[in-house]
Amino acid sequence: MSRLPSGGQIDRGQRLGFDFDGKRYGGHPGDTLASALLANDVRLVGRSFKYHRPRGILSAGSEEPNALVEIRAGGALSPNTRATVQELYDGLRATSQNRWPSLRFDALEVNDLFSPFLAAGFYYKTFMWPKAFWERVYEPLIRRAAGLGRLSGKPDGEPYDKAFAHCDLLVIGAGPAGLMAALTAAEAGAEVILAEEDFALGGRLLAEQLEVDEMPAAAWAAATVERLSAMANVQIMARTTITGAYDGGTFGAYERVGEHLGALPPDLPCGTFWRIAARRAILAGGAHERLIAFPGNDRPGVMLASAVRTYLNRFAVTPGQRVAIYTDNDDGWRTAEDLLSAGVSVVGLIDSRADAAPKLDCPVIAGGAIVGTEGRLGLRAVTVRTESGTRRLEVDTLAVSGGWNPAVHLTCHMNGRPVWDDAIAAFVPHPGAIPGMEVAGAAAGRFSTHAALEAGRAAASRVLDDLSIAHTAPDLPAAEDAPTRISPVWHVAGKGRAWIDLQNDVTVKDVALSAQENFRSVEHMKRYTTLGMATDQGKTANVVGLAVLAELTGRTVEETGTTTFRPPYSPVPIAAMAGRAGGSHFQPHRHPPSHRFSSERRAAFVEAGLWHRASFYPAEGEHHWRQSCDREVRMVRESVGVCDVTTLGKIDVQGPDAATFLDRVYANTFSTLAVGRVRYGLMLREDGFVMDDGTTARLGEQHYLMTTTTGAAGQVMDHLDFAAQVLWPELDVSFISVTEQWAQFAVAGPKARELLSGVIEGPVDDTAFPFMGCGPVTVAGVQGRLFRISFSGELGYEVAVPARFGASLFRELVRRAEALGGGPYGMEALNVLRIEKGFLTHAELHGRTSADDLGLGRMVSAKKDCIGKVMAGRPGLSGPERQQLVGLRPAGPVRKLVAGAHLFSPASQPGPATDDGYLTSVCFSPALGTMIGLGFLRNGRARIGEQVRAVDLLREQDTLCDVVAPQFVDPEGERLRG
């Protein structure tokens, strides 16, 4: 056992049992899975991605590239969990991954034997011949071998949440800089959120044998946390990773709420994804130690020097009994000192600097370099090269320190680029990369404890001054202030592969091949070699890889630059981003006012833009939807029908420049529309294609009400927002969605006026409400609105009342309609009615049609400009080569039409070269007694009277059709104007 008899910050009074690969082990509260495995002498924990080489624990934090395991089971199976972050709990079951049949014997380790043939970019050059092998042989094999971990394929039954928080100051990281910044701001009365990804606060103070303010560093950290916890204006968020920085002081954060518990208590989520809005932020996220690339540096037992100190001082675990240290800076000496004080044998301290002077009671090899390692499943020995030759050291652990990289990731999420600092041989954040964010401590390249404390206090003071919050800076506690001394070594030449990215199996040779094949841009090199991809996002590998590339291309590291860092900073479960929006709660269910009535009438429902709309209302004796639909269509054509159209988007537009604004967003003119009138409008996208259509009513001189299709309501609202805020901010216009504020019902049919006369106070005749007229009315004592418009082609009105009166009004309208021989009708009948009239929906306005395609080219006004007008005038968007809207009617023995069928000349062989168009909407027309359809046909308007074939090879349909005008019923429009 490797657990030290005393020390650490674990609770030795409790024992926790856990399984790893089916074997039972023990640990203590305060352990991570990684520390508990090391305490039980488990060194082999995983396999690498490409070559399936044995891998051990490298680090002690979220930068871990190797120790990735699966925890939990069933739908809650969580792959790629970093053992270095996962807290130990009683009953934890963890399984190694990326191996078969077992961790010690992995059949795919054979890949390592073929490594000369699997160099960087091999997949770009192989699997190309024979072509027929790709889908049936190559792709299935590649997909089966690719990836880290596996998904269960079952729904995750564990709950996740989304939450929101606001603060004056967000402090990211609870190390010395973060604690000092939070304390300074909190004592000034600022609202502070202190976020720390670890479950214990203190950062490096928990892992060092240092003193702060004449007390052990961990004790000072605990006392400061206790002090902050007692303040009402401080919210401490442990187990919380700030995953991304976004505009307006917004930060994404993932809190591991229940991942450290064996069983979730009721109503407690497994994790919560936070959106934090902070007036200011301080990044105190520390730094990541990096490896040195030398031959065989990937064996289990090769660890970062700081990780060895962490396991030793925080978890009271020695990762090995015979430890060597390889360093190019002073940090490696600190690890040696801590190991010696714990009684661990340090068999050699190899310092690459020739002037390194022995000052510890262990062998020191100055100017040395490790050129080889031994041991397949665990490190057994290292070979050291010196000026006098080579020597072999028998070791079971090698602690490596290649310097430190400040955690600059968050500062790059808004296109900020870090800058190179020669003094620490690392990139540091660019000042002002994130508006409103200060960077302090190791994250800014200030590595000593004193420098971190001082930087945290100074950053908080600047923030408080910026926020005009009076403050007095607290006293600075005494702490070590050792300078940073480093002579960077990026890689060591020798026999064998020197690994840069352990997770993706990227070597120095791979980077050299990338440069040789002219992939010399850092972004090209990253993709060619896969360096810095996967779960650790290159936290331990990127800078080494960039330095090697710089050396190979004759540039400095600064000239070479960095790759782009993107959110999230560390992996986030997709379920957490969804929160509780899963299953039936994935999106809200929106019900119109008629929903309860429709349910009582056994209506079938169809989703339209999140709304559940009645599809048809089955009557007694009807057993098929077509029976109900045909009856409802005839009912509207012959009597009167009532349909709930509340779901149509309704946008209230007001202001002195409302008319000008509408003229610019619509293709046709609305400034000339008279008060009390309605006009059909066509809206174009910036590329000239049609985005949406609808009617807009002018309710007052500066007051319009725009309607949109149900599915495009959100898109149109976004479009208007963009136009008002970006294109024409000088216009004095305001608008708001009022879709949910008004219940609206279509009343259509020859008896529509008769029905409404009994409900609406005052006349509804042609004088009071002519076709396309509108105005305020009193509906059964309630103030409402009436619009003389029709989507059915019959005499029609739409009556609107405040939403709270909608359900009762719908019942009353249906009651009166049934007394007149009519009743309610649903979406199926509405679709038939509009197809018979040639009216459009998004089946035709699908984003690839122009106004001319739809036969609406004359609606694009020549007297004014509008969004999309110039692009709509391109030659390719009009003319005989375009597919134009037409009607289609079966003309042969086959009477069936299917939407999606393609159109061909009768004598053509169906194929891409002869394709003349397609069907968008079809239905059976009760008025005509046959199926009809709308579609787009090349030069269609000139081909009315011809015949085409509607062919659907998938459904084996081939129908000869007459090409007709798209208006099948009442083409002159006499009924709707009646």
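The coordinates are above.
What counts as what
Sequence order as written defines residue numbering, which begins from 1 separately in each chain. Only residues with pLDDT of at least 70 get local features here, since the model is predicted, and only at 80 or more are side-chain atom pairs given and counted; chain-wide, interface and lining totals rely on the full set of residues. Side-chain calculation: all heavy atoms of the structure are included, whereas hydrogens and water are not. What counts as a helix is a DSSP run of H or I of at least four residues, what counts as a strand is a run of E of at least two, and both are numbered from the N terminus. The rule is simple: take the accessible area with a 1.4 Å probe, protein chains only, and divide by the maximum for that residue type; under 20% is buried, over 50% is exposed, in between is partly exposed. Contacts: residue pairs with any heavy atoms within 4.5 Å of one another. Values of accessible area rely on a 1.4 Å probe in the Shrake-Rupley scheme; residue burial ignores everything except the protein chains shown. For two strands to pair, DSSP has to find at least two bridges joining them. Only the stretch in contact is used when a helix axis is fitted, and all axes are lines through C-alpha atoms; the angle between N-to-C directions ranges over 0 to 180 degrees. For this analysis, a salt bridge means a side-chain nitrogen from Lys or Arg found within 4 Å of a carboxyl oxygen belonging to Asp or Glu. A crossing counts as left-handed when the near helix is turned anticlockwise from the far one by less than a right angle, and as right-handed when that turn is clockwise. By the convention adopted, Pro, Cys, Tyr, Trp, Phe, Met, Ile, Leu, Val and Ala count as nonpolar, Lys, Arg, Asp and Glu as charged, and the other residues, Gly among them, as polar.

Colleague: Is there a simple way to think about the overall build of the chain in this case?
Modeller: On a plain count of helices and strands, the chain comes out with 22 helices and 50 strands. With respect to the three principal axes, the spread of C-alpha positions in the chain is 105 × 70 × 55 Å. Counting the 978 residues in the chain, one finds 57% classified as buried. Residue pairs at least 24 apart in sequence account for 67% of intrachain contacts in the chain once pairs closer than 6 positions are excluded. As displayed, the chain offers around 40500 Å² of accessible surface, 53% of which is attributable to carbon and sulfur atoms.

Colleague: Please clarify how the sheet that holds strand β24 (residues 397-401) should be interpreted in this entry.
Modeller: Reading across the sheet, the 5 strands line up as β17-β24-β18-β19-β20 and stay open at both edges, with parallel pairing between neighbours. This sheet does not close on itself; its edge strands, each paired only once, are β17 (302-304) and β20 (364-366). Going across the sheet, the axis of each strand differs from the next one's by a mean of 20°, ignoring polarity. Across 6 bridges, strand β18 (residues 322-327) lies against strand β19 (residues 345-351) in parallel orientation. Within β19, the residue paired with Y326 across the bridge is I350. Sheet strands in contact with helix α7 (residues 305-313) are β17 and β24, and its direction is about 85° off that of β17. Relative to the sheet, helix α8 (residues 331-341) contacts β18, β19, β20 and β24, its axis offset from that of β18 by approximately 165°.

Colleague: Help me understand the pattern of salt bridges, please; the structure alone is not making it clear to me.
Modeller: Pairing between side chains of opposite charge can happen when the charged atoms of each approach one another. Tallied over the full model, the rule gives 56 salt bridges. For R462, the salt bridge is made with E438, and the minimal N-O distance between the two is 2.9 Å. Within this pair, whereas R462 is found in helix α9 (residues 449-466), its partner E438 is found in strand β28 (residues 437-439), the two being separated by 24 residues in sequence. For R955, the salt bridge is made with D952, and the minimal N-O distance between the two is 2.6 Å. The network of salt bridges with common partners includes R53, R55, D112, D298, R497 and D505.

Colleague: Sorry if this is basic, but what is going on with the packing of helix α5 (residues 176-187) against α9 here?
Modeller: Helices that pack against each other are described as a pair by the angle of their axes relative to one another and the distance between those axes. Where α5 meets α9, the axes come as close as 7 Å, and the angle between the chain directions of the two elements is 35°. Crossing geometry of α5 relative to α9 is assigned as right-handed. Across from P176, A177, M180, A181, T184 and A185 in α5, the residues of α9 making contact are T449, A452, L453, G456, R457, A460, S461 and L464. Taken together, the residues of the contact of α5 with α9 sort by class into 9 nonpolar, 4 polar and 1 charged.

Colleague: When you look at unusual backbone geometry in this model, what are you seeing that I'm missing?
Modeller: Outside of glycine, negative phi angles account for most residues, and trans bonds account for most peptide bonds. W100 connects to P101 through a cis peptide bond whose omega is 5°. Tracing the backbone shows P101 in the loop between β7 (92-96) and α2 (110-113). In the Ramachandran plot, N518 falls in the positive-phi region, its phi being about 75° despite a non-glycine side chain. Looking at where N518 falls in the secondary structure, it is placed in the loop between α10 (508-516) and α11 (522-529).

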